[in-house]
Amino acid sequence: MADPIPLGPNPGPPHPFNRKFILAVFLILITMTALGFWRLSQLPAVAPPEPSPRAAATVVEERFAADLAKQGYPVRFEGETRVVIEVNAETWNELGREGRFKRHALVGDFRRALAAQQRDLGDVTAYRIEVREPQSAKLLAEETDFNLKVHP
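Described in the following lines is the structure provided in the data block. These figures come from a predicted structure and were not determined experimentally. The numbers attached to residues start from 1 for each chain and follow its sequence in the written order. pLDDT decides what is reported in this predicted model: residues at 70 or higher carry local features, side-chain atom pairs at 80 or more are listed and counted, and totals for whole chains, interfaces and linings draw on all residues regardless. The basis for every side-chain value is the complete set of non-hydrogen atoms in the structure, without hydrogens or water.

**Remarks on the nonpolar core**
Generally speaking, soluble globular proteins have nonpolar side chains that are buried together. The condition that has to hold: What is meant by a nonpolar core is a set of buried Ala, Val, Leu, Ile, Met, Phe, Trp, Tyr and Cys residues, joined one to another through side-chain atoms within 4.5 Å. Each residue's exposure class comes from its accessible area (1.4 Å probe, protein chains only) as a fraction of the maximum for that residue type: buried when under 20%, exposed when over 50%, partly exposed otherwise. Working definition: helices are DSSP H or I runs of at least four residues, strands are E runs of at least two. Numbering for both runs from the N terminus. Contacts are residue-level and defined by heavy atoms, with any inter-residue pair within 4.5 Å sufficient.
Counting 21 residues, the largest nonpolar core has Val75, Val83, Ile85, Val87, Trp92, Phe110 and Val131 as the members making the most contacts within it. Elements represented by at least two residues in this core include exactly helix 2 (59-70), strand 2 (75-78), strand 3 (82-86), helix 3 (89-98), helix 4 (102-121), strand 4 (128-132) and strand 5 (139-144). Residues in contact with Ile85, not counting those within four places in the same chain, are Phe64, Leu68, Tyr73, Pro74, Val75, Phe110, Ile129, Glu130, Val131 and Arg132.

**Thoughts on the packing of helix 2 against helix 4**
Here is the rule we go by: Axis definition: a line fitted to C-alpha atoms, limited for helices to the stretch in contact. Angles are taken between N-to-C directions and run from 0 to 180 degrees. Should the near helix be turned anticlockwise from the far one by less than a right angle, the crossing is termed left-handed; should it be turned clockwise, right-handed. When residues are sorted by character, Ala, Val, Leu, Ile, Met, Phe, Trp, Tyr, Cys and Pro go into the nonpolar class, Asp, Glu, Lys and Arg into the charged class, and all the rest, Gly among them, into the polar class.
As a packed pair, helix 2 and helix 4 sit with axes 9 Å apart at the nearest point and diverge in direction by 145°. Both helix 2 and helix 4 take part in a crossing whose hand is right-handed. Here helix 2 contributes Val59, Val60, Arg63, Phe64, Asp67 and Leu68 to the contact with helix 4, which in turn contributes Phe110, Ala113, Leu114, Gln117, Gln118 and Leu121. Residues belonging to the contact of helix 2 with helix 4 are distributed by class as follows: eight nonpolar, two polar and two charged.

**A look at the side chain of Glu61**
To keep it simple, the criterion reads: We call two N or O atoms a polar contact when they sit within 3.5 Å, provided that within protein one can donate a hydrogen and the other can accept it, with sequence-adjacent residues counted only if both atoms are side-chain atoms.
Positionally, Glu61 belongs in helix 2. Here Ala57 takes part through its backbone nitrogen, which lies 2.7 Å from a polar atom of the side chain of Glu61. Not counting residues up to four positions away in its chain, the partners in contact with Glu61 are Arg54, Ala55, Ala56, Phe77, Glu80 and Tyr127.

**A look at the packing of helix 3 against helix 4**
The line we're drawing: Angles are sorted into four bins: roughly parallel if under 35 degrees, roughly antiparallel if over 145, roughly perpendicular if 65 to 115, and oblique for all others.
Following both chains from N to C, one finds helix 3 and helix 4 inclined at 125°, their axes separated by 7 Å at the closest point. Viewed along their axes, helix 3 and helix 4 adopt a mutual orientation that is oblique. Across from Trp92, Asn93, Leu95, Gly96 and Glu98 in helix 3, the residues of helix 4 making contact are Lys102, Arg103, Leu106 and Val107. For the contact of helix 3 with helix 4, a count of residues per class yields four nonpolar, two polar and three charged.

**A closer look at the packing of aromatic side chains**
In plain terms, the rule: Note on aromatic pairs: the rings of Phe, Tyr and Trp (six-membered ring only in Trp) are paired at centre separations within 6.5 Å, and the planes decide the class, stacked below 30 degrees, edge-to-face beyond 60, tilted for the rest.
In total, this model carries one aromatic pair according to the counting rule given. The interplanar angle of 75° and the centroid separation of 5.2 Å between the aromatic rings of Tyr73 and Phe110 together place this pair among those described as edge-to-face. Separated by 37 residues along the polypeptide, Tyr73 in the loop between helix 2 and strand 2 and Phe110 in helix 4 bring together distant segments of the chain. Taking relative accessible area as the criterion, Phe110 reaches 1% and is therefore assigned buried.

Below is the structure:
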């Protein structure tokens, strides 16, 4: 029978120096990660700049603003594609009391009126509609890509 193959020294637990080295590297990594998170928490949160209000710039925007002004809803435009329609808080709250989807229907009417103007004039601009309260400028609803969000 052949002699067993020697396996070398017993592997056993790591040498004390190795344990200390591994612990030191682990502590350095934890410290660096903690300092990185702390530094990120110190960065000031900067809100994106609000676009300035502007007058209607295209025929579509002019007609849309005129149509809604006849209905009693002032319209202003901000940035390139934001349409802000002002609705009194009392009217907005009354719509909420009348029925579950009355607010959605009103914003849908705004969207359909704008889409009809765009279709008639061949405009393909992707507008974002916002409904705001005139005095406080509080956001009441917004619609982007047909996804309506109502804010209480």
